[in-house]
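# Coordinate analysis (summary)
The primary structure of each chain is shown beneath.
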Amino acid sequence: MSQIKIATLGLAAAVAVSSALVAAPAFAAGEVKPPKSVHFSFEGPFGTYDRGQLQRGYKVYEQVCAACHSMDLVAFRNLGDPGGPEFSPAEVRVLAAEFPREVVDGPDDLGDMFERPGKPSDYFPPPFPNQAAARASNSGAYPPDFSVIAKARPNGPAYIYSLLVGYEDPPAGMELRDGAYYNSYFPGGQIAMAPPLFDEMVEYTDGTPMTVEQYSKDLSAFLMWTAEPKLEERKRIGFQVMVFLVVLAGLLYFTKKKLWRDVDH
Amino acid sequence: MSGQSTYHFKNPAVRWLDSRLPIISAMKVNALDFPTPKNLNYFWTFGGILTLFLGIQIVTGLVLAMHYTAHVDQAFNSVEEIMRDVNYGWLMRYMHANGASFFFIAVYIHIFRGLYYGSYKAPRELLWMIGVVILLIMMATAFMGYVLPWGQMSFWGATVITNLFSAIPLVGEPIVQWLWGGFAVGNPTLNRFYALHFLLPFVLAAVVFLHIWALHVPGNNNPTGVEVKSNKDTVPFHPYYTVKDFLAVIVFLIVYAAFVFYLPNYLGHTDNYIPADPLVTPAHIVPEWYFLPFYAILRAIPDKLGGVIAMFASIGILFLLPWLDTSKVRSAAFRPLYRQFFWILVLVCFGLGYLGSQPAEGGYVIASQILTAYYFLHFLVILPLLGLFEKTKPLPGSISESVLSKDKGGGPTDGGGGTVAAAAASAPEKRG
Ligand code: HEM
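Starting from 1, residues in each chain are numbered consecutively following that chain's sequence as written. Both sets of labels track the order of writing: A upward for chains, 1 upward for ligands. Reporting of local features is limited, given that this is a predicted model, to residues whose pLDDT is at least 70; pairs of side-chain atoms are given and counted only at 80 or more, and all residues count toward the totals for whole chains, interfaces and linings. With hydrogens and water excluded, all non-hydrogen atoms of the structure serve as input to the side-chain values.

### Re the overall build of chain A
- Note on conventions: DSSP H or I runs of at least 4 residues are helices, E runs of at least 2 residues are strands, and numbering of each starts at the N terminus. Each helix and strand counted, chain A has seven helices and four strands in total.
- Its helices and strands taken in sequence order, chain A reads α-α-α-β-β-α-α-β-β-α-α from the N to the C terminus.
- For every residue, the accessible area (1.4 Å probe, protein chains only) is compared with the maximum for its type, and the residue is labelled buried under 20%, exposed over 50%, or partly exposed between those bounds. Going through the 265 residues of chain A one by one, you find that 42% of them count as buried.
- Note on definitions: a residue-residue contact is assigned when non-hydrogen atoms from the two residues lie within 4.5 Å. When contacts within chain A are restricted to residue pairs at least 6 apart in sequence, long-range pairs at least 24 apart make up 61% of them.
- For chain A, the exposed surface amounts to about 14100 Å²; the carbon and sulfur share of it is 60%. Per-residue and other accessible areas follow the Shrake-Rupley method at a 1.4 Å probe size, with only the shown protein chains counted as cover for residues.

Here it is as structure tokens:
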């Protein structure tokens, strides 16, 4: 009996080890650098967004990134939603009207499209009319839409932060493609986006340092909000549900115990 | 189901109804008084959990369907609108997406429970086979559901899987075009997948009904694998198992809720938040975690047709299991050798799941081939031989006897308690 036992365990071990051995060397090719570790206020089961940070993030997006990156699924009104940057209704009206681009509306009575300043109900107007136009202005590369970008990359916020602060000189001997910049956090290492941020580029009025690093952090948080605008509501309801379920489980545990006490099982 | 009612109800309205349509007594017989072995452990609670999850998927799915648009230009954004602008839409979607994962966690535990305790043996062969049909329908439903949000993985997953049919000799290409409704995965494909995704859960509900019907003829198996001998071996389903199942359901829901509320995208793939683009192929096309072991088997075989056959055979073989296992003893508790091969099989399935998530190159392929071979070996060689050569432990005379000897400490049963609990703890992470 015990001999057979050893034999089967040996077989199991052999199968496991041989598969591990043959699997091991297959790693390597095309590995991406893991993002920097960075802490955000919205992490953890009770984490919430930092309003000031989202407001600053919006400001950098609007003044820098919006020139190339669209945000099709977010409307100006969302900037005032609970759980977001929570700009006041008056501020939202101003932000919509002062967005760097006007909104295309129409057709009017004569059948023509026309441009007008944004209103809170408008979605962020895109920088390019279509993908081809976007590629034409970016040496063939397409600046992706930002609405859900933080969920469309592994480890989204940390990745975006790392990408923005991660521009470096290419390692000696590396040939860059035309119009490409070296960034070891980008898969493949060559990104078609020039470093978009510089110190003191966007004015912060609340005393927060105006550095590339701080801008990048604020942007990552802002992009997490655009991707997951219901995060705070989700965690709040989640906590209530958890408390309810755990208490109910406790009650049921004792009910079950009492009920089964007289049954041999 | 069982002809004329023998119950007598005091309430005249109930009596009136029941003498014309004995639905109340059918419920009493099948859901309340149903004699159930008194020694079932928590692995018997997953049937109830599965039924609940079918309900959760149907309810959340209906709400999603009221807001979803099945068109290639709008599907992705309509799902995002559900997340942003529909009241509690994010909750419905995260419950539905994670509900699919937890449905599979529950069904895999349920299936391995059956493998461990020999629940597929006579007289429960048909019950088991209906279960395999349920698994197949679930897989088809989940595969088509994953296509609906029309992200990159939706599109490329659909492309890879539908393309498998092109491996069929002669008629392969026409069949694939017929499936697509065109010359590539496109709007007609999305539309038909939506229609089928809506329909199949209701087909599933009907098959689940048959499954439970087939269960209620022989009654439950139990951890000893010894049939019920007298009513000393059983307790009425209600309140004993309604309360126990309720407890298990709530504990399972706690884990589910942890994902829905705190890690809603953990089990999904980030690429599915990129809108589908037929011109950009993702670096690695991987299916949802619950398909990974089958995906590994598919890619283990160098030949396309061979891979497809192996993949379908890996499930199809389960239909033959009641006849491949030649042992007269059901429960692994009394089959010392089978018990070890069972755990090896569990490890092999986890291993295949891990390999399915890795690129199909070099060592990963060789490892997949070894594990795939072992998987089939288990069913086709080990099980038939084990029944002939294995020396099983003596069976208890009845359930009551085994329970009493256990209370005195030791005895022949082990009911699998300790070892199987470890499986539950590790099961949710099938992706390896
Ligand atoms: C067996 C039960 C079911 C399973 C396993 C299942 C599975 C899935 C999966 C995996 C997705 C993709 C989730 C995502 O990433 O967004 C999905 C989406 C969807 N399902 Fe189901 N589903 C089931 C039942 C239903 C039912 C009964 C309906 C409608 C009556 C439905 C309607 C939808 C809709 C509209 C979507 C697209 C929205 C979305 O992607 O979240 N489902 N389903």
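### Focus on the overall build of chain B
- What chain B contains, in helices and strands, is 16 helices and two strands.
- Taken over the C-alpha trace, chain B has a radius of gyration of 23 Å; the compact-globule value for 432 residues is 22 Å, and the two agree within 12%.
- Principal axes of the C-alpha set define a box for chain B whose edges measure 65 × 60 × 45 Å.
- Here chain B, with 432 residues, has 55% of them falling under the buried criterion.
- Of all intrachain contacts in chain B linking residues separated by at least 6 positions in sequence, the fraction that spans at least 24 positions is 80%.
- About 18600 Å² of surface is accessible on chain B, with carbon and sulfur atoms providing 71% of the total.
- The centroid of the 26 positive side-chain charges in chain B is displaced by 13 Å from the centroid of its 22 negative side-chain charges. Only the C-alpha atoms count toward the radius of gyration. The rule for a globule is 2.2 Å times the residue count to the power 0.38. Neither His nor the chain ends is counted toward charge; the positive residues are Lys and Arg and the negative residues Asp and Glu. Every charge is mapped to an atom, namely NZ of Lys, CZ of Arg, CG of Asp or CD of Glu.

### Observations regarding the layout of surface pockets
Residues and elements named next belong to chain B.
- The method works on a 1 Å grid over the protein atoms by themselves. A cavity is a set of points holding a 1.4 Å probe that cannot get out, a pocket is an open set with protein on both sides within 12 Å along at least five of seven lines, and residues with an atom within 4 Å of a point line them. Grid points are joined across faces, edges and corners, and a volume is the space filled by probe spheres set on the points. What the second largest pocket holds in volume is close to 1200 Å³.
- Looking at the second largest pocket, it is lined by 45 residues, and the ones nearest its centre are Gly47, Gly48, His211, Ile212 and Leu215.
- Contributions of two or more residues to the lining of the second largest pocket are made by α2 (23-32), α3 (46-67), α5 (89-117), α6 (125-147), α9 (187-216) and α10 (237-262).
- Ranked by residues supplied to the lining of the second largest pocket, first place goes to α9 with nine residues.
- For this classification, the nonpolar set comprises Ala, Val, Leu, Ile, Met, Phe, Trp, Tyr, Cys and Pro, the charged set comprises Asp, Glu, Lys and Arg, and every other residue, Gly included, is treated as polar. Among the residues forming the lining of the second largest pocket, the class breakdown is 29 nonpolar, 13 polar and three charged.

### Brief notes about empty space enclosed by the protein
All names here are of chain B.
- Counted according to the given criterion, the structure contains seven cavities of 30 Å³ or more.
- There is about 260 Å³ of room inside the largest cavity.
- For the largest cavity, the lining is made up of 17 residues, of which Tyr108, Phe112, Phe294, Cys349 and Tyr375 are closest to its centre.
- Secondary structure elements with two or more residues in the lining of the largest cavity: α5, α11 (292-300), α12 (304-324), α13 (336-356) and α14 (362-389).
- Tallying contributions element by element places α5 first for the lining of the largest cavity, with four residues.
- In the lining of the largest cavity, the residues fall into 15 nonpolar, one polar and one charged.
- For the domain bounds, the source is a domain assignment made automatically or taken from a database. Two domains each provide a minimum of three residues to the lining of the largest cavity, namely domain 1 (29-219 + 236-285) and domain 2 (288-391).

### Regarding the nonpolar core
- Formed by 140 residues in total, the largest nonpolar core has its most connected members in B:Phe53, B:Tyr68, B:Phe104, B:Tyr108, B:Leu115 and B:Phe379.
- A total of 18 residues in this core trace back to one element, the largest contributor, which is α5(B).
- Both domains that furnish three or more residues to this core are identified here as domain 1 (29-219 + 236-285) and domain 2 (288-391) of chain B.
- Only buried Ala, Val, Leu, Ile, Met, Phe, Trp, Tyr and Cys residues count toward a nonpolar core, and they belong to the same one when joined by side-chain atoms within 4.5 Å. Of all hydrophobic cores here, the second largest spans 45 residues; its members include A:Phe40, A:Phe124, A:Ile149 and A:Val202.

### Points about the pattern of salt bridges
Residue and element names in this part refer to chain A.
- We define a salt bridge as a side-chain nitrogen of Lys or Arg found within 4 Å of a carboxyl oxygen belonging to Asp or Glu. What the rule picks out here adds up to 16 salt bridges over all chains.
- Its salt-bridge partner being aspartate 218, residue arginine 56 comes within 2.8 Å of it at the nearest N-O pair. Residue arginine 56 is located in helix α2 (residues 51-63), and its partner aspartate 218 is located in helix α6 (residues 212-227); the two are separated by 162 residues in the primary sequence. Across this residue pair, the class does not change: arginine 56 and aspartate 218 are buried.

### Thoughts on the interface of chain B and chain A
- Facing 53 residues of chain B, the contacting portion of chain A comprises 51 residues.
- For any pair of parts, buried area is found by adding up, for both, the accessible area (1.4 Å probe) each one loses once the two are put together. Approximately 4600 Å² of surface area, both sides summed, lies buried where chain B meets chain A, with 72% of it carried by carbon and sulfur atoms.
- Our count for the chain B to chain A interface comes out at one salt bridge.
- Close ionic contact of A:Arg77 with B:Asp85 constitutes a salt bridge, the shortest N to O distance being 3.6 Å.

### Describing the domain arrangement of chain B
All names here are of chain B.
- Domain assignment breaks chain B into domain 1 (29-219 + 236-285) and domain 2 (288-391).
- A separation of 22 Å is found between the C-alpha centroids of domain 1 and domain 2.
- Facing the 37 residues of domain 1 at the interface are 33 residues of domain 2.
- Around 3200 Å² of area is buried between domain 1 and domain 2 when both sides are counted, 73% of it from carbon and sulfur atoms.
- When residues of domain 1 are sorted by the area they lose upon contact with domain 2, Tyr116, Lys121 and Leu164 head the list and together hold 21% of the total.
- Counting every contact that joins domain 1 to domain 2 gives one salt bridge.
- As a salt-bridge pair, aspartate 325 and lysine 121 come within 3.2 Å of each other at their nearest N and O atoms.

### Details of the site of the ligand
All names here are of chain B.
- Residues are counted as near a molecule or strand when any one of their heavy atoms sits within 4 Å of it. By nearness alone, 24 residues border the ligand, and Gly61, Arg93, His96, Gly145 and His197 come closest of all.
- One nitrogen or oxygen atom from the side chain of histidine 96 is found 2.8 Å from a nitrogen atom belonging to the ligand.
- At a separation of 2.7 Å, a nitrogen atom of the ligand approaches a polar side-chain atom of histidine 197.
- Broken down by secondary-structure element, the contributors of at least two residues to the shell around the ligand are α3, α5, α6 and α9.
- Broken down by element, the shell around the ligand gets its largest block of residues, six residues, from α3.
- Of the residues assigned to the shell around the ligand, the class counts are 17 nonpolar, six polar and one charged. Definition of a polar contact: a pair of N or O atoms within 3.5 Å, with one able to donate and the other able to accept a hydrogen when the atoms are protein atoms, and with sequence-neighbouring residues admitted only if both atoms are side-chain atoms.

### Quick notes on the coordination of the iron atom of the ligand
Residues and elements named next belong to chain B.
- Note on the iron atom of the ligand: its protein donors are His96 (NE2) and His197 (NE2). The metal-donor distances range over 1.9 to 2.0 Å.
- In this structure histidine 96 comes out as buried when scored by relative accessible area, which is 16%.
- Residue classification places histidine 197 among the buried residues on the basis of a relative accessible area of 14%. Because water is not among the atoms used, a metal site may look incomplete, as its donors are only the N, O and S atoms within 2.8 Å, or 3.2 Å for Na, K and Ca.

### Points about the packing of helix α8 (residues 172-180) of chain B against α9(B)
Residue and element names in this part refer to chain B.
- A fitted line through C-alpha atoms serves as each axis, taken over the contacting stretch for helices, and the angle formed by two N-to-C directions is quoted from 0 to 180°. For the pair α8 and α9, the least separation of the axes is 7 Å and the interaxial angle reads 70°. The pairing of α8 with α9 is recorded here as roughly perpendicular in orientation. Of the residues in α9, those in contact with Trp178, Leu179 and Trp180 of α8 are Pro188, Thr189 and Arg192.
- Considering only residue class, the contact of α8 with α9 consists of four nonpolar, one polar and one charged. Angle categories: roughly parallel below 35 degrees, roughly antiparallel above 145, roughly perpendicular from 65 to 115, and oblique for all the rest.

### Section: the packing of aromatic side chains
- Note on aromatic contacts: the rings of Phe and Tyr and the six-membered ring of Trp form a pair at centre separations within 6.5 Å, being stacked when their planes are under 30 degrees apart, edge-to-face when over 60 apart, and tilted otherwise. Inspection of the entire model under this criterion finds 51 aromatic pairs over all chains.
- For the ring pair A:Trp260 and B:Tyr241, a centre distance of 5.1 Å and an interplane angle of 70° mean the geometry is edge-to-face. You can see A:Trp260 sitting in helix α7 (residues 231-260) and its partner B:Tyr241 sitting in helix α10, one on each of two chains.
- The exposure class of A:Trp260 is buried, given its relative accessible area of 2%.

### What about helix α3 (residues 89-97) of chain A?
All names here are of chain A.
- Buried within α3 we find Val92, Leu95 and Ala96. On an axial view of α3, the arc spanned by its buried residues comes to 100°, and they lie on one face.
- Lining the buried residues of α3 we find α2. Regarding the arc, it is the one traced by the directions from the helix axis to the C-beta atoms.

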